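Residue-level structural notes
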Amino acid sequence: MALPQLIPSHSSSSITHQPSINLNAGNYSLLNSNFKPFSKSSSVSQSRRFHRLSSLRCSASSFPEKHHTNPPKSDDVVELPLFPLPLVLFPGAILPLQIFEFRYRIMMHTLLHTDLRFGVIYSDAVSGTADVGCVGEIIKHERLVDDRFFLICKGQERFRITNIVRTKPYLVAEVNWLEDRPSGDEDLEGLANEVETYMKDVIRLSNRLNGKPEKEAQDLRRNLFPTPFSFFVGSTFEGAPREQQALLELEDTAARLKREKETLRNTLNYLSAASAVKDVFPSS
């Protein structure tokens, strides 16, 4: 699910990646030639290999209702191979990838014989490489005859890079795990419900502007607790990776939900104005 024409929050934040968003959902394309998501241009035979990959697009059902029973401690330091990508992976989100560059094929051979986990880290020409990312766990893979790999990955824990161990043949770093801090007296359930309401309104108005039926959006939370729900919401902001990175880096569920609420509220105001113009000038 991707939300249209997101108008981000411009509230003050300690996050270094300030968003500048003008996105049309569904038109986002990766800029990194080393990694390619499955797309409409992929052959039918390739897409069928993973049994209708479109059904694996990120949805609330991909996100666990609870955190892992034995999550890593935030003070643990581990070494993690890294994939710099022009996208942001959230805990619980599904990410299809195609791997064909030699050094990353080497990485895949290693991962498939170990713990199947690597770090996805956001990188672009403007912002550089972020120091906060998300673990991607390989849940399905296929190795082709030319040694390329097709992968389905699922986001797990967040991490912060503390030290670069090596850069060749691929990037490896020491990382600490990130967890959200307690939000004090904040009403997280109330915030999550407000965010869900704004999401439903944005989807409804977007459908109207695109000539689709104005159906009431289904239950978007699906029993998710506020923290995994905040990650799900962030994962729907496709095409706005800097805003997504800012959300990923926040270590406070309430702050993340508030920022998402403001972004959705701004987007709703924009869509409401566009809808009013369309009512007055139907042919515009």
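Preceding block: the structure.
Thresholds, definitions, all that
Throughout this document, residue positions are counted from 1 along each chain, in the order its sequence is written. Local features in this predicted model are restricted to residues of pLDDT 70 or higher, and side-chain atom pairs are both shown and tallied only at a pLDDT of 80 or more, whereas totals for entire chains, interfaces and linings draw on every residue. The side-chain values count all of the structure's non-hydrogen atoms but skip hydrogen atoms and water molecules. A helix here means a DSSP run of H or I that spans at least four residues, while a strand means a run of E at least two residues long, and both kinds are numbered starting from the N terminus. It only takes one pair of heavy atoms within 4.5 Å for two residues to be counted as in contact. By the criterion applied in these results, polar contacts are pairs of N or O atoms within 3.5 Å in which, for protein atoms, one can donate a hydrogen and the other can accept it, and in which residues neighboring in sequence qualify only through two side-chain atoms. In this description, a nonpolar core means a group of buried Ala, Val, Leu, Ile, Met, Phe, Trp, Tyr and Cys residues linked to one another through side-chain atoms lying within 4.5 Å. Exposure classes here rest on a 1.4 Å probe applied to the protein chains alone. A residue is buried below 20% of its type maximum, exposed above 50%, and partly exposed in between. Two strands form a pair only when DSSP identifies at least two bridges running between them.

**Details of the environment of H109**
- In this fold, H109 is placed in helix 2 (residues 102–111).
- Put simply, H109 and D147 are 38 residues apart on the chain and 9.8 Å apart in space, counted from C-alpha to C-alpha.
- Those residues within four positions of H109 in sequence are excluded, and the remaining contacts are R143, D147 and F149.
- Among the polar contacts listed, one links the side chain of H109 to the side chain of D147, at a separation of 3.3 Å.

**Some points on the nonpolar core**
- Within the largest apolar cluster, 51 residues are counted, with the highest numbers of intra-cluster contacts made by M108 and F229.
- Top contributing element to this core by residue count: helix 3 (residues 188–209), with 8 residues.
- In this structure, F229 is in contact with A192, V195, E196, M199, L220, R221, L224 and L257, ignoring residues within four places of it in sequence.

**A closer look at the pairing of strand 5 (residues 128–143)**
- In this sheet, strand 5 lies alongside strand 4 (residues 117–124) in antiparallel orientation, the contact comprising 7 bridges. Looking at strand 5, one finds that G119 is bridged to V135.
- Between strand 4 and strand 5, which pair antiparallel one after the other, the connecting turn spans 3 residues.
- Judged from the 10 bridges that link them, strand 5 and strand 6 (residues 149–166) form a sheet pairing that is antiparallel.

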